[in-house]
Amino acid sequence: MKEFKVYLTAFTMSFTFSCIFYLLFSYIDVFHSFDENTLITMLFVSLSITTLIFLSHRLTIRSSLMLRVSECLIIVGILLIAGRYFGMFPFTPFYITAVVSIGLLTYTVVLVVSYIGDQASAKKINSVIQSKTMEERQ
Amino acid sequence: MSHIRLTIKESTAFKDIEIIINCPVVDDHLATLIELIKQHEVILLGKKDHRVHSISVKDLLYIEAVDNTSFLYDRSTVFESELKLYEIEEVVKDTRFIRISKNLIVNTGHIESVRALFNGKFEAVLTNGEKVIVNRHYVKSFKEKFLN
């Protein structure tokens, strides 16, 4: 259940930030306006990416670098499939670059937010360690 | 934190040493005390220089498996154990030890500080200055060991 929450959080963050980035690109007229179809498509793309990343974490990839590379490949792969076979965006080099940029930006934001959360946990753990050490010395 | 009354009954009528804790609830302070008692009582056998040593787990910093052999590390010495890592994990399960990777169990009582790494892992600095890495799959249980 707790593991499910981790991936649910990642999915929610990636969906939120990909929508935000799409809106920004739409504001500068790179993409058409954000509508219900766009929302549904973004939802399925985020869900597909999160599901595949969850499955990739079941593989025993020991190298952190290889794990990150595999996650990036999943993101790029899903986005290209969404564009090529589901018509999510015009499949031209310009739009492919814009969409892949959104995908990788969103991925970076999710990583950074997770890291900030881990730093907060590390701080709490260090506080617990210090108080236990002081207790044992008394 | 409520006051703890310590009562010791010494008699030759008792065959074993038994510690009974009467309490309304096991709070954090008491849980720490219980862990400490367990750490003092659990002994592992380790081989070094063809001699077998009895080692209290409270003195061990971590236990590592290399090529199917388990090694017990205290501050300055390494002992070889006859037990497999999963067997040792079972022996130390109610103490401060926790598995942090496929091959390593660490004594959280000997962790001085931790820091988060950008790759989703944690790095723990031990009391002898050594650093060990908490792998991503074990980070959740590692956090729970301290924060729950």
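Residues numbered from 1 in each chain as written. Chains lettered and ligands numbered in written order. Predicted model: local features only at pLDDT ≥ 70, side-chain atom pairs only at ≥ 80, totals over all residues. Heavy atoms only, no water.

All names here are of chain B. Of the pockets and cavities examined, the second largest pocket occupies roughly 1100 Å³. Leu6, Thr7, Ile19, Ile20 and Ile21 are the residues nearest the centre of the second largest pocket, which is lined by 26 residues in total. Residues belonging to the lining of the second largest pocket are distributed by class as follows: 15 nonpolar, 6 polar and 5 charged. (1 Å grid on protein atoms, 1.4 Å probe; cavity = no way out; pocket = protein on both sides within 12 Å on 5 of 7 lines; lining within 4 Å. Points joined across faces, edges and corners; volume = space filled by probe spheres on them. Nonpolar A, V, L, I, M, F, W, Y, C, P; charged D, E, K, R; others polar.)

Let's shift gears to unusual backbone geometry. Notably, A:Asp29 is not glycine yet its phi reads approximately 65°, a positive angle. Its location among the elements puts A:Asp29 in the loop between helix 1 (2–27) and helix 2 (36–56). Within the chain, B:Asp67 stands out as a residue other than glycine whose phi angle is a positive 50°. Turning to its location among the elements, B:Asp67 is positioned in the loop between strand 3 (62–66) and strand 4 (69–73). (Helix = DSSP H or I, 4+ residues; strand = E, 2+ residues; numbered from the N terminus.)

Across the sheet, 3 strands lie side by side as 8-9-10 (chain B); this open sheet has antiparallel pairing. Each edge of the open sheet is held by one strand with a lone partner, namely strand 8 (111–116) and strand 10 (131–134) of chain B. Sheet twist, expressed as the mean angle between neighbouring strand axes with direction ignored, is 25°. The pairing of strand 8 of chain B with strand 9 (residues 122–126) of chain B spans 5 bridges and is classified as antiparallel. Pairing of B:Val114 across the sheet is with B:Ala124, part of strand 9 of chain B. Contacting strand 8 and strand 9 of chain B, helix 4 (residues 93–137) of chain A crosses the sheet at an angle of about 170° to strand 8 of chain B. Those strands touched by helix 3 (residues 136–147) of chain B are strand 8, strand 9 and strand 10 of chain B, and its axis lies near 105° from that of strand 10 of chain B. (Pairing = 2+ DSSP bridges. Axes fitted to C-alpha atoms, helices over the stretch in contact; angles between N-to-C directions. Contact = heavy atoms within 4.5 Å.)

Function cannot be read off these values alone, since they describe shape.
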